[in-house]
Amino acid sequence: MEQQLEKVLAEIAARQDTVGALLANRQGLCLGTKGDIDPNVSGIGMAISEQVAKLEPNATAPATICLYSGNKRCVIQKDGEITGVIFKQPTGTPATATIN
(Lines give C-alpha, C1' and ligand atoms only; values in the text may rest on other atoms or scores of the structure.)
Protein backbone atom coordinates (compact mmCIF):
# COMPACT_ATOMS: atom_id res chain seq x y z
CA MET A 1 0.00 0.00 0.00
CA GLU A 2 2.85 2.37 0.77
CA GLN A 3 4.12 2.14 -2.80
CA GLN A 4 0.67 3.04 -4.11
CA LEU A 5 0.55 6.12 -1.86
CA GLU A 6 4.01 7.20 -3.00
CA LYS A 7 2.97 6.76 -6.63
CA VAL A 8 -0.16 8.89 -6.15
CA LEU A 9 1.81 11.60 -4.35
CA ALA A 10 4.46 11.63 -7.09
CA GLU A 11 1.78 11.98 -9.79
CA ILE A 12 0.11 14.87 -7.95
CA ALA A 13 3.40 16.64 -7.19
CA ALA A 14 4.44 16.38 -10.85
CA ARG A 15 1.57 18.60 -11.97
CA GLN A 16 2.72 22.00 -13.10
CA ASP A 17 0.89 24.17 -10.55
CA THR A 18 1.34 21.88 -7.51
CA VAL A 19 3.58 23.19 -4.74
CA GLY A 20 3.07 20.28 -2.32
CA ALA A 21 0.76 17.40 -1.50
CA LEU A 22 0.04 15.10 1.40
CA LEU A 23 -2.18 12.17 2.25
CA ALA A 24 -3.68 11.58 5.70
CA ASN A 25 -5.54 8.68 7.27
CA ARG A 26 -8.91 8.96 9.04
CA GLN A 27 -7.21 9.87 12.33
CA GLY A 28 -5.47 12.80 10.65
CA LEU A 29 -2.03 11.19 10.70
CA CYS A 30 0.18 12.05 7.76
CA LEU A 31 0.81 9.04 5.51
CA GLY A 32 3.21 10.84 3.18
CA THR A 33 4.16 14.15 1.60
CA LYS A 34 5.77 15.45 -1.59
CA GLY A 35 6.95 18.97 -2.28
CA ASP A 36 6.70 22.02 -0.05
CA ILE A 37 3.97 21.15 2.46
CA ASP A 38 4.02 20.85 6.25
CA PRO A 39 3.00 17.35 7.42
CA ASN A 40 1.30 18.97 10.42
CA VAL A 41 -1.56 20.22 8.21
CA SER A 42 -2.75 16.61 7.80
CA GLY A 43 -4.94 16.76 10.91
CA ILE A 44 -6.46 20.10 9.96
CA GLY A 45 -7.13 18.93 6.40
CA MET A 46 -8.80 15.76 7.64
CA ALA A 47 -10.93 17.69 10.16
CA ILE A 48 -12.09 20.14 7.48
CA SER A 49 -13.03 17.30 5.12
CA GLU A 50 -14.99 15.56 7.90
CA GLN A 51 -16.98 18.70 8.67
CA VAL A 52 -17.76 19.40 5.01
CA ALA A 53 -18.93 15.80 4.54
CA LYS A 54 -21.57 16.46 7.22
CA LEU A 55 -23.14 19.17 5.02
CA GLU A 56 -24.34 16.53 2.54
CA PRO A 57 -24.22 13.16 4.32
CA ASN A 58 -25.96 11.32 1.45
CA ALA A 59 -23.65 12.60 -1.30
CA THR A 60 -22.40 9.92 -3.67
CA ALA A 61 -19.22 11.79 -4.68
CA PRO A 62 -16.59 13.06 -2.24
CA ALA A 63 -16.67 16.79 -1.52
CA THR A 64 -13.82 18.95 -2.75
CA ILE A 65 -12.85 21.94 -0.62
CA CYS A 66 -10.92 24.84 -2.15
CA LEU A 67 -9.38 27.48 0.09
CA TYR A 68 -7.89 30.58 -1.51
CA SER A 69 -5.28 32.93 -0.06
CA GLY A 70 -3.72 35.54 -2.29
CA ASN A 71 -2.25 33.70 -5.25
CA LYS A 72 -2.23 30.28 -3.55
CA ARG A 73 -4.94 27.72 -3.01
CA CYS A 74 -5.40 24.62 -0.93
CA VAL A 75 -7.51 21.76 -2.28
CA ILE A 76 -8.79 19.14 0.18
CA GLN A 77 -10.67 15.98 -0.71
CA LYS A 78 -11.56 12.91 1.31
CA ASP A 79 -12.10 9.66 -0.54
CA GLY A 80 -12.91 6.73 1.71
CA GLU A 81 -10.33 6.49 4.48
CA ILE A 82 -7.79 8.82 2.84
CA THR A 83 -7.77 12.63 2.77
CA GLY A 84 -5.64 14.47 0.24
CA VAL A 85 -4.36 18.02 0.74
CA ILE A 86 -2.78 19.80 -2.21
CA PHE A 87 -1.17 23.25 -2.20
CA LYS A 88 -1.27 24.95 -5.61
CA GLN A 89 0.14 28.13 -7.04
CA PRO A 90 -0.13 29.40 -10.61
CA THR A 91 3.02 28.81 -12.64
CA GLY A 92 5.29 31.83 -12.84
CA THR A 93 4.02 33.30 -9.57
CA PRO A 94 6.74 33.76 -6.94
CA ALA A 95 6.25 31.74 -3.76
CA THR A 96 6.65 34.83 -1.60
CA ALA A 97 5.71 38.41 -2.32
CA THR A 98 7.28 41.47 -0.79
CA ILE A 99 5.23 44.40 0.45
CA ASN A 100 6.67 47.86 -0.13
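Per an unreviewed UniProt entry, the protein chain goes by the name Late endosomal/lysosomal adaptor and MAPK and MTOR activator 5 and belongs to Drosophila mauritiana. Per its UniProt entry, the protein chain bears the Sequence similarities (unreviewed entry) comment "Belongs to the LAMTOR5 family."

Novice: Please clarify how the side chain of Ser42 should be interpreted in this entry.
Specialist: Summarising the element assignment, Ser42 is placed in helix 2 (residues 41-53). When its relative accessible area of 4% is taken as the criterion, Ser42 is described as buried. For Ser42, the residues in contact, after removing those within four places along its chain, are Leu22, Ala24, Gly28, Leu29 and Cys30.

Novice: Teacher, can you tell me more about the pattern of salt bridges here?
Specialist: Between side chains of opposite charge, pairing is possible as soon as their charged atoms come close. Applying the stated criterion across every chain yields a total of five salt bridges. Lys34 is paired through a salt bridge with Glu6; the nearest N and O atoms lie 3.6 Å apart. Pair noted here: Lys34 is in strand 2 (residues 30-35) and Glu6 is in helix 1 (residues 2-13), with a separation of 28 residues, a long-range link. With relative accessibility at 31%, the residue Lys34 sits in the partly exposed group. Here Asp17 ties to Lys88 by a salt bridge, and the two come within 3.7 Å at their closest N and O atoms. Taken together, the residues span a long stretch of sequence, with Asp17 in the loop between helix 1 and strand 1 (18-24) and Lys88 in strand 5 (residues 82-88) at a distance of 71 residues.

Novice: What should I look at first to understand the environment of Glu50 in this one?
Specialist: Within the secondary structure layout, Glu50 lies in helix 2. It is 12 Å that separates the C-alpha atoms of Glu50 and Asn25, two residues lying 25 residues apart in sequence.

Novice: What is the right way to look at the pairing of strand 3 (residues 64-69) in this model?
Specialist: In the sheet, strand 3 pairs with strand 4 (residues 72-79) via six bridges, with the strands oriented antiparallel. Bridging across to strand 4, Tyr68 finds its partner in Arg73. Between the end of strand 3 and the start of strand 4, which pair antiparallel, lie two residues, with Gly70 showing a positive phi angle near 60 degrees.

Novice: When you look at the sheet that holds strand 5 in this model, what are you seeing that I'm missing?
Specialist: Strands belonging to one sheet form pairs held by backbone hydrogen bonds; the direction of such a pair is parallel or antiparallel. Strand order across the open sheet formed by five strands is 2-1-5-4-3, with antiparallel pairing between neighbours. Every other strand in the sheet has two partners, leaving strand 2 and strand 3 as the edge strands with one partner each. The average angle at which neighbouring strand axes cross in this sheet is 15 degrees, direction not considered. In this structure, strand 4 lies alongside strand 5, joined through seven bridges in antiparallel fashion. Counted as the bridge partner of Ile76 is Val85 from strand 5. The strands touched by helix 1 within the sheet are strand 1, strand 2 and strand 5, with strand 1 carrying the most contacts at an inclination of about 155 degrees.

Novice: Looking at this structure, I do not really get the nonpolar core. What am I missing?
Specialist: The nonpolar side chains of a soluble globular protein tend to be buried with one another. Counting residues in hydrophobic clusters, the biggest one holds seven residues: Leu22, Ala24, Ile37, Ile65, Cys74, Ile76 and Val85. Within the residue set of this core, elements represented by two or more residues are strand 1 and strand 4. Residues within four places of Ala24 in sequence aside, it is in contact with Leu29, Cys30, Leu31, Ser42, Glu81, Ile82 and Thr83. Counting six residues, the second largest nonpolar core, distinct from the first, contains Leu5, Leu9, Ile12 and Ala21.

Scoring rules and cut-offs
- Residues numbered from 1 in each chain as written.
- Predicted model: local features only at pLDDT ≥ 70, side-chain atom pairs only at ≥ 80, totals over all residues.
- Heavy atoms only, no water.
- UniProt positions renumbered as here; feature names shortened; annotations may be inferred.
- Helix = DSSP H or I, 4+ residues; strand = E, 2+ residues; numbered from the N terminus.
- Buried < 20%, exposed > 50% of the residue type's maximum accessible area, 1.4 Å probe, protein only.
- Contact = heavy atoms within 4.5 Å.
- Salt bridge = Lys/Arg side-chain N within 4 Å of Asp/Glu carboxyl O.
- Pairing = 2+ DSSP bridges.
- Axes fitted to C-alpha atoms, helices over the stretch in contact; angles between N-to-C directions.
- Core = buried A, V, L, I, M, F, W, Y, C linked by side-chain atoms within 4.5 Å.

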